[in-house]
Amino acid sequence: MRTDRSSDSIRKISITRNYIIYPEGSVLIEIGNTKVICNATVEENVPNFLKNSGKGWLTAEYSMLPCATHKRNRRDISSLKLNSRAVEIQRLIGRSLRSALDLEMLGERTINIDCDVIQADGGTRCASITGGFIALHDAISKLSRNGLITKNPIKNFVAAVSAGIVDGEICLDLAYEEDSKAEVDMNFVMNDKLDFIEIQGTAENGAFSRETMNEMMDLASEGISKIINIQKNSIGDNF
């Protein structure tokens, strides 16, 4: 049983915008002891499969610094390829944030979301999506200020949170110590209408019931509502 917060509580979230001066959007997001730098940069071109389509694109990259965890991990460059976990996570980030955009209104340009974990304590993919959305918003705002777009292509807010079963208890927003021993581990990506964008879930030992699944979905919805309110407070009226 948790002692530092209730089972239905999220960890403290801090969002620092304009964290790095060079990208069009830059955010340091801190969720508990997890810290991720999310940068959004804009390129005035699109992949070949979208050329002359009138549509834009969003893609993402994800990495973890060698000393972001208790034990130093090797940089991907040492093996000349991305590890499979990083590939899976960056595809999730890209899919999630593309769902927030009207790609035709974006025009033929690409937004790159780079998520670099500088300290990991569970929920790095959820933090990357949540912080990546703020960086995306700020990049879109800069395009608008510069007269490159006339309408806001962002359709809705997007955020993510984990939920799981730890020591027989359903918990929201798992820290690493909880995640590492969870009987069930799930990640939920949702928008501000509380529609689901993606659900990832695994029973680490055995199985779980539909009823339990519904309880975790309800708990995640409550958590997403709180996180999106934090996003909105960070952005203010500029949306």
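**Some details on the sheet that holds strand β8 (residues 184–191)**
For sheets, the rule is that strands pair by backbone hydrogen bonds, running either parallel or antiparallel. Taken together, 4 strands build an open sheet; the order of strands is β7-β6-β8-β9 and the sheet is antiparallel. Either end of the sheet is taken by a strand with one partner, and the two such strands are β7 (169–172) and β9 (196–203). Strand-to-strand twist of the sheet, defined as the mean angle between neighbouring strand axes without regard to direction, takes the value 15 degrees. Against the sheet, helix α1 (residues 84–98) contacts β6 (158–166), β8 and β9, and its axis sits at roughly 150 degrees relative to β9. Here helix α5 (residues 210–235) sits on the sheet in contact with β6, β7, β8 and β9, set at roughly 140 degrees to β6.

**With respect to the side chain of Asn112**
Among the secondary structure elements, Asn112 is positioned in strand β5 (residues 110–119). Residue classification places Asn112 among the buried positions, given a relative accessible area of 15%. Within polar-contact distance, the side chain of Asn112 engages the side chain of Glu43 at 3.3 Å. Not counting the four nearest positions on each side in its chain, Asn112 is found in contact with Asn39, Ala40, Thr41, Glu43 and Thr59.

**Comments concerning the side chain of Arg109**
By secondary structure assignment, the location of Arg109 is in the loop between α2 (103–106) and β5. Not counting residues up to four positions away in its chain, the partners in contact with Arg109 are Val42, Glu43, Glu44, Asn45, Val46, Gly56, Trp57, Leu143, Leu148 and Ile149.

**Quick word on the pairing of strand β2 (residues 25–31)**
Each regular strand shows side chains that alternate between the opposite faces of the sheet. Among the 7 residues of β2, 6 are classified as buried, and the element is accordingly described as predominantly covered. In this structure, strand β1 (residues 13–17) lies alongside β2, joined through 5 bridges in antiparallel fashion. Within the sheet, the bridge partner assigned to Arg17 lies in β2 and is Val27. Bridge analysis of β2 against strand β3 (residues 34–43) gives 7 bridges, and the strand direction is antiparallel. If you follow Leu28 over to β3, its bridge partner there is Ile37.

**Quick look at the packing of aromatic side chains**
Evaluated as defined, the whole model comprises 3 aromatic pairs. When the ring of Phe188 is compared with that of Phe196, the centres are 6.2 Å apart and the planes differ by 50 degrees; the resulting orientation is tilted. The exposure class assigned to Phe188 is buried, which follows from its relative accessible area of 0%. For Phe196, a relative accessible area of 36% gives the class partly exposed. Above the plane of the ring of Phe157 lies Lys232, whose end atom (NZ or CZ) is 5.3 Å from the centre.

**Focus on the environment of Met105**
The topology assignment puts Met105 in helix α2. Spatially, the C-alpha atom of Met105 lies 7.8 Å from that of Ile149, the residues being 44 residues apart in sequence. With residues near it in sequence (within four places) discarded, Met105 still touches Ile149, Lys151, Asn152 and Pro153.

**Here's the deal with the nonpolar core**
Ile29, Ile111, Ile113, Phe133, Leu136 and Ile140 are the most contacted members of the largest nonpolar core, which totals 63 residues. Top contributing element to this core by residue count: helix α3 (residues 124–145), with 10 residues.

**Focus: α3**
The first and last C-alpha atoms of α3 sit 31 Å apart over 22 residues, in line with the 32 Å expected at 1.5 Å per residue. Gly147 occupies a position one or two residues after α3 and carries a positive phi of about 75 degrees.

**Observations regarding a negative patch on the surface**
Taken together, the side chains of Asp8, Glu211, Glu215, Asp218 and Glu222 define an acidic patch exposed on the protein surface. Within the secondary structure, Asp218 sits in helix α5.

**Some points on the sheet that holds β3**
With mixed pairing, the 5 strands of this open sheet are ordered in space as β1-β2-β3-β5-β4. What marks the edges here is a single partner per strand, and that holds for β1 and β4 (57–64). Averaged over all neighbouring strand pairs, the angle between strand axes comes to 15 degrees, with direction disregarded. Sheet strands touched by α3: β1, β2, β3, β4 and β5. Its angle to β3, the strand with the most contacts, is close to 35 degrees.

Each value, and the rule that gives it
Residues numbered from 1 in each chain as written. Predicted model: local features only at pLDDT ≥ 70, side-chain atom pairs only at ≥ 80, totals over all residues. Heavy atoms only, no water. Pairing = 2+ DSSP bridges. Helix = DSSP H or I, 4+ residues; strand = E, 2+ residues; numbered from the N terminus. Axes fitted to C-alpha atoms, helices over the stretch in contact; angles between N-to-C directions. Contact = heavy atoms within 4.5 Å. Buried < 20%, exposed > 50% of the residue type's maximum accessible area, 1.4 Å probe, protein only. Polar contact = N/O pair within 3.5 Å; in protein donor to acceptor, adjacent residues only side chain to side chain. Phe/Tyr/Trp six-rings, centres within 6.5 Å; stacked < 30°, edge-to-face > 60°. Lys NZ or Arg CZ within 6 Å of the ring centre and 35° of its normal. Core = buried A, V, L, I, M, F, W, Y, C linked by side-chain atoms within 4.5 Å. Expected span 1.5 Å × (residues − 1). Patch = residues over 30% accessible without salt bridge, like charges linked within 9 Å, V, L, I, M, F, W, Y side chains within 5 Å. Areas by Shrake-Rupley, 256 points an atom, 1.4 Å probe, with all protein chains shown as cover. Salt bridge = Lys/Arg side-chain N within 4 Å of Asp/Glu carboxyl O. Lys, Arg positive; Asp, Glu negative; His and termini not counted. Charge placed at Lys NZ, Arg CZ, Asp CG, Glu CD.

So, to be careful, I would describe these as geometric facts and stop short of saying anything about function.
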